[in-house]
Amino acid sequence: MSAPSAQPAPTSPARPAGERTSHPLLRYLVRRLGVSALLIVGVTLVTFVLTNLVPGDTVAANLGQRAADDPAIVAAYRAHYGLDRPLPAQYLTYLGNLLHGDLGESQQTHRPVLTDLRSAVPATLEIAIGAIVLSVLIGVGFGTIAAVRRGHLADSALRLVSLVGISLPTFWFALVAYYVLSFKLDLAPGSGRLSPATTPPPDITGLYTLDSLLSGQWQTYADAVAHLMLPTLVLTLYTVGLLTRFTRSAVLEVLEQDYVRSARAKGLPGRTVLLRYVLRAALVPILTVVGLAFGALLSGTVLVEQIFSWPGLGSYAYQAASHLDLPGVMGVGLFVGIIYLLINLVVDLLYGAIDPRVRVS
Amino acid sequence: MTVTAVDSGGLRARFRTRIPRAWRTPLGITGAVVAALWILIAVLGPLLWPHNPLGQDFPRLQAPSGAHWFGTDELGRDVLSRVLAGARVTVPLALLLVGLSVVIGGILGLAAGFFGRWVDETVMRLTDLVMAFPTVILAMVVAASLGASLVNAVLAALVVSWPAYARVTRGLVVGIRGAEYVLADRLLGFSAMRSLRMDIVPMVTGPVLILASLDIGTATLLLSGLSFLGLGAKPPTAEWGSMVGTAIAHFDAWWMGVFPGLAILTLVMAFNFLGDALRDALDPHTAGVLGQAETR
């Protein structure tokens, strides 16, 4: 939690007023984190209510047919997971355990949810980070080109590309990419994080690429990277479309501003105007969309992981949801909720760093 | 405040006069034609199907040929007929989903923007909560707990879809509720309800409907995604998403998955092309508001 607060700090020390500005920032942070904590409790409540108010039967979903017919087994099962107690009591117990960092035990894998998340999250992060970095680079570039060349061929072509990108059903595109690139052309492996013959690197961060590099296993590294290619490609295409469209409209809006015309009129080179004046101002709305795109990416990964047998958060969420595994679902909801709120916070703080006009008062 | 009111008034005028021009862009025309084709296919239904989409009448897993343009599936059903029949499932459900989201989100957004205070706070915090989840994960949880069926998939998608409309509607209402003509009517003795109906709703309808038209593609993707996961349409229903899902298990028979996917792609693309053309023809400010809601 303290990591994001470190980022805006470097903006102030240059000025003598730095001492005074850090104080309101701190207060702002405390207030934001307080609101975030409340929202996270809200997220758990929503998940809890949604998964409990509905007719689905957890017992039937997790026990086999024969076991579910035996009242003794069912009773023992319900007692083990505390399902025999009133709902408010169940919820309060969950919150109490949460304060101790205990997310409960998955009713489906029979392991602590935290352990499950610990192995699923790095797998998803590995594709999500690659996809978001790639799509920001490509999307912001494409969008800027489209805006600058407005009405020209490049603009029309990029518009077509981005519209097709956001219209692609990710799950279908993943299947096609798998079939063509992996199955037919054998350019990249299509399922899992590593080839069956490769043993996973020692668990340091959980990111196979980083772990294999840290332990100097070059072959494992190459294998992990090869397995990353297809899922990352598929996820990237979707967010590229989104980011291209938004960068284009954000840049267009700035291009119409008077100060851009002034900068041109006083004879600054086009590149300077674009980088120092236009892109800097356009970066604020773009950042918001990057935050949102990361969320879209986490949604996309649910469908993509199914195709590529990727043992990540999406697969875990799918299994937990389809087995009505409440602790599992709550764990995923919590994790994703926290990520969302953190991204929003970082984005808001970065605003201040990029655009002095919106600095926290 | 007056400025916003004038802007929205201008928007309504543009809404009427500019639509024809919007359709004259190549993308807009393509979108309109393809969307109209899919709607026609959905309406005509059985008249167009070469074979019974549920009939297991042919040899299994036949590659595309003159007799079966899109091949046959793992149960010997004609894929072309199933793809055409799928339009009858997806098109109406996507429209229904968007329609319901507009109504629910619109009403909540109207209330939040017009009454403010605790109503506003409650509704906006609710939208925050829903938007803190990635759409597919939340919809998946709801669909799984309701049980797999198409109706439940629509309900689940509804849970994640309404907040965008609530936010946009609220934003528009906040922009005009202080306008002089609204205040004047209130001073004349209009009740809150009458003011809402006469002054607010007509100003908000246009932009929200445009957002809705932009959203049909997203709705289609969400619904077919849920069916792909096995949380929507149940076999033997000919639904595009679930057809792609079945195709995973029959990897060699590429035609089983490729054609239903192309159907989703063309339908979503058509609506996105249309929406894009529509948005371009509109007031850039409103377009910005709508665009922000779209990325949720």
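This is a predicted model, so every value here is computed, not measured.

(A) Summary view of the overall build of chain B. For chain B, the helix and strand inventory stands at 11 helices and zero strands. Its helices and strands in sequence order give chain B the pattern α-α-α-α-α-α-α-α-α-α-α, from N to C terminus. Across the 296 residues of chain B, 56% fall into the buried class. For chain B, the proportion of contacts with a sequence separation of at least 24, taken over those separated by at least 6, is 73%. Summed over its atoms, the accessible surface of chain B is roughly 12200 Å², and 69% of this surface lies on carbon and sulfur atoms.

(B) Main features of the packing of aromatic side chains. Residue and element names in this part refer to chain B. Applying the stated criterion across every chain, the model contains seven aromatic pairs over all chains. For the ring pair Phe-70 and Phe-259, a centre distance of 3.9 Å and an interplane angle of 5 degrees mean the geometry is stacked. Of this pair, Phe-70 sits in the loop between α2 (26-44) and α3 (79-115) while Phe-259 sits in helix α10 (residues 254-280), placing them 189 residues apart in sequence. Of the two residues, Phe-70 and Phe-259, both sit in the buried class.

(C) Molecular detail of the pattern of salt bridges. Under the defined criterion, the tally for this structure stands at seven salt bridges over all chains. Between A:Arg111 and A:Asp116 there is a salt bridge, with its nearest N and O atoms 2.7 Å apart. Residue classification places A:Asp116 among the buried residues on the basis of a relative accessible area of 1%. Residues B:Arg125 and B:Glu121 are paired through a salt bridge, measuring 2.9 Å at the closest nitrogen-oxygen approach. Of this pair, B:Arg125 and B:Glu121 both sit in helix α4 (residues 117-131), four residues apart, which is roughly one turn of that helix. By relative accessible area, which is 45% here, B:Glu121 ends up partly exposed. A single network of salt bridges, built from pairs that share partners, joins A:Arg159, A:Arg245 and B:Asp276.

(D) Main features of the interface of chain A and chain B. Taken together, the contacts link 48 residues of chain A with 47 residues of chain B. Considering only the surface of chain A that becomes buried against chain B, A:Ser167, A:Phe171 and A:Trp172 emerge as the three largest contributors, covering 15% of it. Between A:Arg159 and B:Asp276 there is a salt bridge, and its shortest N-O distance comes to 2.6 Å. Applying the counting rule to chain A against chain B returns six residue pairs in polar contact (both at pLDDT 80 or more). At the level of secondary structure, the elements contributing two or more residues to the side of chain A that touches chain B comprise α2 (18-53), α8 (153-167), α9 (170-184), α11 (218-255), α13 (270-307), α14 (313-322) and α15 (326-354) of chain A. A per-element tally of the side of chain A that touches chain B places α13(A) first, with nine residues. Of the residues contributing to the side of chain A that touches chain B, the split by class is 35 nonpolar, 11 polar and two charged.

(E) Just the environment of A:Val180, in detail. Within the secondary structure, A:Val180 sits in helix α9. Looking at A:Val180, the relative accessible area reads 36%, which means it is partly exposed.

(F) Here's a closer look at the side chain of A:Thr232. Here A:Thr232 shows up in helix α11. Setting aside residues no more than four positions away along its own chain, A:Thr232 makes contact with A:Ile127, A:Gly130, A:Ala131 and A:Leu134.

(G) Looking closely at the packing of helix α7 (residues 113-148) of chain A against α13(A). All names here are of chain A. Closest axis-to-axis distance for the α7/α13 pair is 9 Å, and the angle between their directions is 140 degrees. The orientation of α7 relative to α13 falls into the category oblique. For the element pair α7 and α13, the recorded crossing hand is right-handed. Contacts from Thr-124, Ile-127, Ala-128, Ala-131, Ile-132, Val-136, Val-140, Thr-144 and Val-148 in α7 reach Leu-274, Leu-279, Ile-286, Val-290, Ala-293, Phe-294, Leu-297, Leu-298, Thr-301 and Glu-305 in α13. When grouped by side-chain class, the residues that make up the contact of α7 with α13 number 15 nonpolar, three polar and one charged.

(H) Representation of the domain arrangement of chain A. All names here are of chain A. Parsing chain A into structural domains produces domain 1 (25-99) and domain 2 (116-354). One C-alpha centre belongs to domain 1, the other to domain 2, and the line joining them spans 31 Å. Across the contact, 21 residues belong to domain 1 and 14 residues belong to domain 2. Around 1600 Å² of area is buried between domain 1 and domain 2 when both sides are counted, 80% of it from carbon and sulfur atoms. Of all residues in domain 1, the largest losses of buried area upon contact with domain 2 belong to Arg-32, Ile-40 and Tyr-94, amounting jointly to 28% of the total for that side. On inspection of domain 1 and its partner domain 2, the count reaches zero salt bridges.

Rules used in this analysis
Residues numbered from 1 in each chain as written. Chains lettered and ligands numbered in written order. Predicted model: local features only at pLDDT ≥ 70, side-chain atom pairs only at ≥ 80, totals over all residues. Heavy atoms only, no water. Helix = DSSP H or I, 4+ residues; strand = E, 2+ residues; numbered from the N terminus. Buried < 20%, exposed > 50% of the residue type's maximum accessible area, 1.4 Å probe, protein only. Contact = heavy atoms within 4.5 Å. Areas by Shrake-Rupley, 256 points an atom, 1.4 Å probe, with all protein chains shown as cover. Phe/Tyr/Trp six-rings, centres within 6.5 Å; stacked < 30°, edge-to-face > 60°. Salt bridge = Lys/Arg side-chain N within 4 Å of Asp/Glu carboxyl O. Buried area = accessible area lost by both parts, 1.4 Å probe. Polar contact = N/O pair within 3.5 Å; in protein donor to acceptor, adjacent residues only side chain to side chain. Nonpolar A, V, L, I, M, F, W, Y, C, P; charged D, E, K, R; others polar. Axes fitted to C-alpha atoms, helices over the stretch in contact; angles between N-to-C directions. Parallel < 35°, antiparallel > 145°, perpendicular 65-115°, else oblique. Left-handed = near helix turned anticlockwise from the far one by under 90°. Domains from an automatic or database assignment.

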